[in-house]
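# Understanding the architecture of this molecule
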Amino acid sequence: MQELKIPNHVAIIMDGNGRWATSRGKKRSAGHLEGSKTLEKLALHSIKKGVKVLSVYAFSTDNFKRSKEEVDYLMDLFIIQFKNKMKKIIKENIKVVFSGRQHPLREDVLSAMNEITEKTKNNTNGILNICLNYGGQEEIVDAAKKFAEDIVNKKISMDSIDKQSFNKYLYQNLPPVDLLIRTSGEYRISNFMPYQISYAEFYFTNVLFPDFNEDEFDKAIESFNNRDRRFGNAK
Ligand code: IPE
Ligand code: IPE
Ligand code: MG
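My aim in this report is to walk through the structure given alongside it, one point at a time. (Residues numbered from 1 in each chain as written. Chains lettered and ligands numbered in written order. Predicted model: local features only at pLDDT ≥ 70, side-chain atom pairs only at ≥ 80, totals over all residues. Heavy atoms only, no water.)

### Some points on the site of ligand 1
Every residue lining ligand 1 is accounted for by Met 14, Asp 15, Gly 16, Asn 17, Gly 18, Arg 19, Arg 28, His 32, Ala 58, Asn 63, Arg 66 and Leu 74. Between ligand 1 and the protein, one listed contact pairs an oxygen atom with a side-chain N or O atom of Arg 19 at 2.7 Å. The contact in question runs from an oxygen atom of ligand 1 to an N or O atom on the side chain of Arg 28, over 2.9 Å. Relative to its unbound accessible area of 380 Å², ligand 1 is 87% covered by the protein chains. Of all the secondary-structure elements, those providing two or more residues to the shell around ligand 1 are helix H1 (17-22) and helix H2 (28-49). Counting residues per element, the shell around ligand 1 draws most heavily on H1, at 3 residues. Its residues placed into classes, the shell around ligand 1 shows 3 nonpolar, 5 polar and 4 charged. (Near = heavy atom within 4 Å. Polar contact = N/O pair within 3.5 Å; in protein donor to acceptor, adjacent residues only side chain to side chain. Areas by Shrake-Rupley, 256 points an atom, 1.4 Å probe, with all protein chains shown as cover. Helix = DSSP H or I, 4+ residues; strand = E, 2+ residues; numbered from the N terminus. Nonpolar A, V, L, I, M, F, W, Y, C, P; charged D, E, K, R; others polar.)

Now the structure itself:
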């Protein structure tokens, strides 16, 4: 049997928490709580399998359109998760980084994010990139602004910019995404990592995120192994 190829960078659009809850007659928040447990399990599992970077879509810039009750619940849940619930992640030597805009996140959320970033900054086993208040077009616009600023301040020359060097202006300088997973039967990108997914393989599943367990993750890896990535080459 051929050895399993493990994608270097996996990205997950963690969707379907609300439907998971309402189909059980529960409030949407119950789905978010269950989803947060699934995320912790998946982060440990994927890094153990050899994935180097796991990027997860936790909250989009557009998710601020939701009710105050839901947004507040999610922000409180993030704080609890970053402050108390990520002990195993820290113990497993995983580095946590964030992608997204700071504004208009609450101070207590930003401070919990800083705390876990600081605590894990020297960890070397793998990276968990949490995309929170993240928008992909916003990321490209923000990168373009930082780039323009460096030009104006004569820190770099116009000619020095190419695909690789532009990557350094993104929220995190990470390798390209190899496998993008979206749960809950939606077939769209919803503004997630457009710059990084240009040659990613896509895996869509009807499973709702709270039910997306280790076995479901392994199915996505298996599917990735049956893909023929050509990057523009001829066969
Ligand atoms: C994904 O689940 C989590 C976030 C967007 C924060 P949803 O909350 O979008 O769940 P559905 O799509 O309504 O079922
Ligand atoms: C994308 O899911 C954002 C996250 C998973 C955090 P949404 O549920 O917000 O996306 P749409 O609205 O279905 O496109
Ligand atoms: Mg959704």
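### Notes on the environment of Ile 116
Within the element layout of this structure, Ile 116 appears in helix H5 (residues 107-120). The buried category is assigned to Ile 116, whose relative accessible area is 0%. In the structure, Ile 116 is positioned 32 residues away from Asn 84 in sequence and 9.8 Å away in space, judged by C-alpha atoms. Excluding anything up to four places from it in sequence, Ile 116 contacts Phe 82, Met 86, Ile 90, Val 96 and Phe 98. (Buried < 20%, exposed > 50% of the residue type's maximum accessible area, 1.4 Å probe, protein only. Contact = heavy atoms within 4.5 Å.)

### Points about the site of ligand 2
Within the structure, ligand 2 sits among Ile 13, Met 14, Asp 15, Tyr 57, Ala 58, Phe 59, Asn 63, Arg 66, Arg 182, Arg 188 and Ser 190. Here an oxygen atom of ligand 2 sits 3.2 Å away from a polar atom, N or O, in the side chain of Asp 15. One of the side-chain N or O atoms of Arg 188 is found 2.7 Å from an oxygen atom in ligand 2. Relative to its unbound accessible area of 390 Å², ligand 2 is 77% covered by the protein chains. The dominant element in the shell around ligand 2, judged by the number of residues it contributes, is strand E2 (residues 53-60), at 3 residues. Its residues assigned to classes, the shell around ligand 2 comprises 5 nonpolar, 2 polar and 4 charged.

### Thoughts on the packing of aromatic side chains
Per the stated rule, a full pass over the model turns up 13 aromatic pairs. Plain terms: the ring middles of Tyr 187 and Phe 204 are 5.1 Å apart, the flat faces sit at 55 degrees to each other, and that makes the pair tilted. Taken together, the positions of Tyr 187 in the loop between strand E5 (179-182) and strand E6 (201-204) and Phe 204 in strand E6 put the pair 17 residues apart, joining distant regions of the chain. Its relative accessible area of 60% is what places Tyr 187 among the exposed residues. Here Phe 204 falls in the partly exposed class, since its relative accessible area comes to 28%. A centroid spacing of 5.3 Å and a plane angle of 50 degrees characterise the contact between Tyr 199 and Phe 231, whose relative ring orientation is tilted. (Phe/Tyr/Trp six-rings, centres within 6.5 Å; stacked < 30°, edge-to-face > 60°.)

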